[in-house]
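Structure at a glance
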Amino acid sequence: MKNAASFIYRLSIAIAIAMVVAFAQHWIWEQFNRGAEFAGANQSIKGFAYNGFQRDQSPLKGTYPSREELAADLDLLGRSSDGLRTYGVNDMPALLELAGERDMLVTAGAWLDTDKERNEREIAAVIEAARKMRHIERVMVGNEAILRGDLKVEELIGYLDRVRRALRKPVSTAEPWHVWLKNPELAKHVDYITVHLLPYHEGLPVEAAVEYAFQRYDEVAKAFPKKKIVVGEIGWPSKGPVIGAAVPSLDNEARFIREFLSHPRTPRIDYFLMEAIDQPWKVDVEGWAGAYWGMYNADREQKFALEGIIERDPHWSKKASNAAALAFLPMLLVAFFLSDWNIFGRVFLAGLIQACVSTLIIGINVPVEYYLTQRDLVGLILLIGATGLTAAVLLSHGFEFGEMLFKKKWQRRFMPLPPHTPEQQPFVSIHLACYNEPPEMVIATIDSLAQMNYANFEVLVLDNNTRDEALWKPLEKRCAELGPRFRFFHLANWPGFKAGALNYGLKVTDPRAEVVGVVDADYVVDPDWLSSLIPHFDKPDVAVVQAPQAHRDWEGQPFKRMCNWEFDGFFRIGMHHRNERNALIQHGTMTLVRRLALEEVGGWSEWCICEDTELGLRLIEKGYDTRYVDHILGRGLTPSDFAAIKSQRFRWAFGAMQILKAHVPQMIGRSNLNLAQRYHFLTGWFAWLGDALQLVFAFGSLLWTLGILLFPKAFGLPVTALALPILGFMAFKAALGPILYRRTMDCPWKDILGASILSVGLAHAIARGVFAGLVKKKGVFVVTPKGWRGGGALAFFNPIREEIGMLVALLLGAITLVAQRGADSIETQLWVGILCLQCIPYVAAILCQVAAYLPERQAGGSSGGTLQPQG
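Residues numbered from 1 in each chain as written. Predicted model: local features only at pLDDT ≥ 70, side-chain atom pairs only at ≥ 80, totals over all residues. Heavy atoms only, no water.

1. Observations concerning the overall build of the chain
Going by this rule: To qualify as a helix, a DSSP run of H or I must reach at least 4 residues; to qualify as a strand, a run of E must reach at least 2; elements of each kind are numbered from the N terminus. Taken over C-alpha atoms, the radius of gyration is set against a globule rule of 2.2 Å times the number of residues to the power 0.38. Exposure categories follow from relative accessible area, calculated using a 1.4 Å probe and restricted to protein chains: below 20% of the type maximum is buried, above 50% is exposed, and the middle band is partly exposed. In what follows, residue pairs with any heavy atoms lying within 4.5 Å of each other are defined as contacts. For every accessible area listed, the method is Shrake-Rupley and the probe measures 1.4 Å; residues are considered covered only by the protein chains on display.
The secondary structure content of the chain amounts to 29 helices and 19 strands. Radius of gyration (C-alpha) of the chain: 36 Å, far over the 29 Å computed for a compact globule of 871 residues. Across its three principal directions, the C-alpha atoms of the chain cover 120 × 75 × 50 Å. Looking at the 871 residues of the chain, the share that counts as buried comes to 56%. Pairs at least 24 residues apart make up 79% of the contacts formed inside the chain by residues separated by at least 6 positions. For the chain, the accessible surface area stands at approximately 36800 Å², while carbon and sulfur atoms represent 59% of it.

So, in structure tokens, the structure goes:
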């Protein structure tokens, strides 16, 4: 009964959390799409500028509407207007006849461009149609032919004069107002003036646009007082780039049309609204905005009413509901199973899930709301993919963040245990593998092992493939001095890198050994390392006991401080997070392994250059327990410079991909791994896969920017609705790390900043490691230098030459884009923002290299922070 009541209580709380978050996101959608009410327009529309191409048709591809499709369009438009302006005759020969059948008054257009033969056919066709059809009240010879530069004024005048001589109906040509004012002689060869008034193209704010249009109308009327003025195009786009103060949007289009139709002067002029129906094919000719001028969308749905409230996104409620429905079950499960988190923590993670799902809903709906070319679809798919992986990385970080901050109590917190008496101590064999290491550094490690407060142990020093006797002979001598407990082995031409040496060590290990310890060659261990951790092996299912990596001699040099705190973050945060579900990342130093378990799984894997982590996973797959004891029992040296830590992270990322490829069947198929362990070993690589994606995205952004610059009509800027959340995700993810550092470690803000810079600065090296690991089968184990730095004139630039190249390319792309397009457009601002955000890893890499070259200073008292065991 008590269990049932507890279950019902937990379920009720979980449902309440999921519902609160779902309703909150619905409210946010509503606030962003609050309707606005503008002046209503109850009068009929005098005329539409009309093109009949359907959503998937284009004159550029030679696909044209059928007679039935044109008839359906005219029936639709005839409900609100009996006037029509057309642009050509031969492309849609049935159009004029169909309009006559519906008693529509038509201003028939003849399309003129640089093709002289086609122009002749158009002229002949419009003359013939105007003579035969009484419902054609006017003729339009050419549309913006001078503006486009297709015809010279003299050439256009020739066509106009020919048509005027052939017809008794009024003849004109259509151009924007400024073309008429610039070429007044054109007015002498027309019977009326057709002017285009499109304030959007001139950067006017929508609230001033209608009055501005009438001002330009008056300007043309004043210049040509004896000519009738017909407004051939007037309107506003619902989507497109921002031009100055002109913002294209559905509510702004509705506002412009309504204000124009309700203006007291409008009934006294002849006009055609630009345009009847959206024309997606115009994206390739006029750019992004060209497709969105219609009162109806390409699916022949009215985009807005002429009266009542206008919503920015008419479909927002459906999107919000879908997002809430898709996110509800994950939010419910999170809130239910994380009952050991406080309420705020569960609301936080549920909110993060809802935000990610809402963003993906926005992305999925983009092809419905925008007319995308194949190039745009490719870009969108990449952008949605990037959003999805960014969301996955964000959620995994959010889970880690929430557990560290909101978990009430750790279930698996392991501490050093009271030591055994000498008689009870199991025998331990400590393996120290080294290659080309400074002998004084290795001897310091050996001497620290000799000082341990433990009776039953041996130390095997395994030097593999060091050719210089000056490096390994001193080690052999020191082991001989320390007696039979210390055994030295020089392995020449030995295969398998470090794993090969450790496997040899297993073969020559004392038969009495029950536990094998591994320590790196630069570690000075605490005397209580073995005595405080070996008692954990009293539990027969314990296979690994891992102590944290920590560092010494880092306080006085800026780069070493960055390395220390960056490493420390994982051991203070990530290792606790994974240890809670027995999903430990085993490390190759300060680790203890049960010998029988190690031999049972086949020893160290020589095919993997991260043999330590791979071994830990195999042991967990066998059902063994692994434990992390967050108590510093040894300190090593930080990598010597930025090139060294880049090499290390490349190796780790390469090895991680080797592990992922080899163990995916166990992670997703049948194995002893539980759901939580599968989660950690699959998502544990998300951050590094995110770095790899970031590199792909950077190259893709550069190529897309090049396309925007060279082919602006073919390559559009990203959709604001999708680009904005990506920027938000990036900023949110960047904030999680510093907050966690501050809450979980006694780390000054300057060192948090340094650790963050190093973490970000390694992204390029990690990305290269990920791709190399995915493509290649075998890697090369490279020892991380701990005590020297290379020289030479180009030594500073060599480790960061690729990062410098990427940084220069991204900045040039951003600068050139602003120079070409200006910085007024929100789309340009967002794309430049994305380019600049992608510069951060490369700037960080340069800062890391600068820090590595700063001189070491004498540490004064405090190191600027202390390492704390986590509880």
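2. Structural notes on the sheet that holds strand β11 (residues 427-434)
Note the cut-off: One requirement defines pairing of two strands: DSSP has to find at least two bridges between them. To obtain an axis, a line is fitted to C-alpha atoms, over the contacting stretch when the element is a helix, and the angle between two such axes runs from 0 to 180 degrees between their N-to-C directions.
One open sheet holds the seven strands; their spatial order is β13-β12-β11-β14-β17-β16-β18, and the pairing between them is mixed. Every interior strand has two partners, whereas the edge strands, β13 (486-491) and β18 (625-628), have only one. The mean inter-strand angle of the sheet, taken between neighbouring strand axes irrespective of direction, is 20°. Taken together, the seven bridges between β11 and strand β12 (residues 457-464) define a ladder with parallel strand orientation.

3. Points about the packing of helix α21 (residues 642-668) against helix α22 (residues 675-683)
So the rule is basically this: Our angle categories are set so that under 35 degrees counts as roughly parallel, over 145 as roughly antiparallel, 65 to 115 as roughly perpendicular, and the remainder as oblique. Note on convention: the crossing is left-handed when the near helix lies turned anticlockwise from the far helix by less than a right angle, right-handed when the turn is clockwise. Residue polarity follows a fixed list, in which Ala, Val, Leu, Ile, Met, Phe, Trp, Tyr, Cys and Pro are nonpolar, Asp, Glu, Lys and Arg are charged, and the others, Gly among them, are polar.
Remark: α21 packs on α22, axes separated minimally by 10 Å, with the N-to-C direction vectors making an angle of 155°. Judged on the interaxial angle alone, α22 and α21 are roughly antiparallel. Of the two elements, α21 crosses α22, and the hand of that crossing is left-handed. Residues Leu660, Gln666, Met667 and Ile668 of α21 lie in contact with α22, whose contacting residues are Arg678, Phe681 and Leu682. Considering only residue class, the contact of α21 with α22 consists of five nonpolar, one polar and one charged.

4. Let's talk about the packing of aromatic side chains
Basically, it comes down to this: Working definition: a ring pair exists when centres of Phe, Tyr or Trp rings (six-membered ring for Trp) sit within 6.5 Å. Plane angles under 30 degrees give stacked, over 60 give edge-to-face, the rest tilted. Geometrically, a lysine NZ or arginine CZ counts as sitting over a ring once it is within 6 Å of the ring centre and also within 35 degrees of the ring normal.
The full count for this structure, using the stated rule, is 30 aromatic pairs. Judged by centre distance (5.9 Å) and plane angle (50°), the rings of Phe348 and Phe406 are tilted. Of the two residues, Phe348 is situated in helix α12 (residues 343-369) and Phe406 in helix α13 (residues 374-406); the sequence distance between them amounts to 58 residues. The exposure classification of Phe348 matches that of Phe406, with both residues buried. A centroid spacing of 5.6 Å and a plane angle of 75° characterise the contact between Phe399 and Tyr679, whose relative ring orientation is edge-to-face. Of this pair, Phe399 sits in helix α13 while Tyr679 is found in helix α22, placing the two residues 280 residues apart along the sequence. Taken together through their ring pairs, the aromatic side chains of Tyr200, Trp236, Phe256 and Trp293 make up a single cluster. Across from the ring centre of Tyr192, 5.6 Å away, lies the NZ or CZ of Arg138, which sits over that ring. Sitting over the face of the ring of Phe681, Arg578 holds its NZ or CZ atom 4.9 Å from the ring centroid.

5. Some details on the state of the cysteines
So the rule is basically this: By convention in this document, the label disulfide applies to cysteine sulfur atom pairs within 2.5 Å.
One pass over the full model with this rule turns up zero disulfides. The closest cysteine sulfur to the non-disulfide-bonded Cys563 is located on Cys848, 8.0 Å from its own sulfur. The structure places no disulfide on Cys608, whose sulfur is separated from the nearest cysteine sulfur, that of Cys610, by 5.5 Å. Looking at Cys608, the relative accessible area reads 3%, which means it is buried.

6. A short note on the packing of α13 against helix α23 (residues 686-710)
The geometry of α13 relative to α23 is characterised by a closest axis approach of 10 Å and an angle of 155° between their N-to-C directions. Judged by the angle between their axes, α13 and α23 are roughly antiparallel. In this structure, α13 meets α23 at a crossing whose hand is left-handed. Counted together, Arg375, Asp376, Gly379, Leu383, Ala386, Leu389, Ala392, Val393, Ser396 and His397 of α13 and Phe686, Ala687, Leu689, Gly690, Leu693, Phe697 and Trp704 of α23 form the full contact between these two elements. Class assignment of the residues belonging to the contact of α13 with α23 gives a composition of eleven nonpolar, four polar and two charged.

7. Notes on the environment of Ser759
Its place among the elements puts Ser759 in helix α25 (residues 749-761). Judged by its relative accessible area of 38%, Ser759 is partly exposed. Residues Ser759 and Leu261, spaced 498 residues apart in sequence, show a C-alpha to C-alpha distance of 59 Å.

8. Details of the confidence of the model for the chain
What counts here: Confidence per residue, as judged by the predictor, is encoded in pLDDT with a range of 0 to 100.
For the chain, per-residue confidence averages 90 on the pLDDT scale, and 94% of positions sit at 70 or higher. Every residue in residues 860-871 scores below 50 in pLDDT, and together they form 32 contacts with partners more than four places removed in sequence or on other chains.

9. Structural notes on the side chain of Gln849
Checked against the element boundaries, Gln849 lands in helix α29 (residues 840-852). Setting aside its immediate chain neighbours within four residues, Gln849 contacts Phe642, Ala795, Phe796, Pro799 and Ile800.

10. Here we look at α12
Rules: The length a helix should cover is 1.5 Å for every residue beyond the first. Pairs of N or O atoms within 3.5 Å make up the polar contacts considered here, provided that, within protein, one atom can donate a hydrogen while the other can accept it, and that residues adjacent in sequence are counted only when both atoms are side-chain atoms.
Under the 1.5 Å per step criterion, the end-to-end length of α12 is 38 Å for 27 residues, consistent within 8% with the ideal 39 Å. N-cap assignment for α12: the residue whose side-chain oxygen lies 3.2 Å from the backbone N of Phe344 is Asn342.

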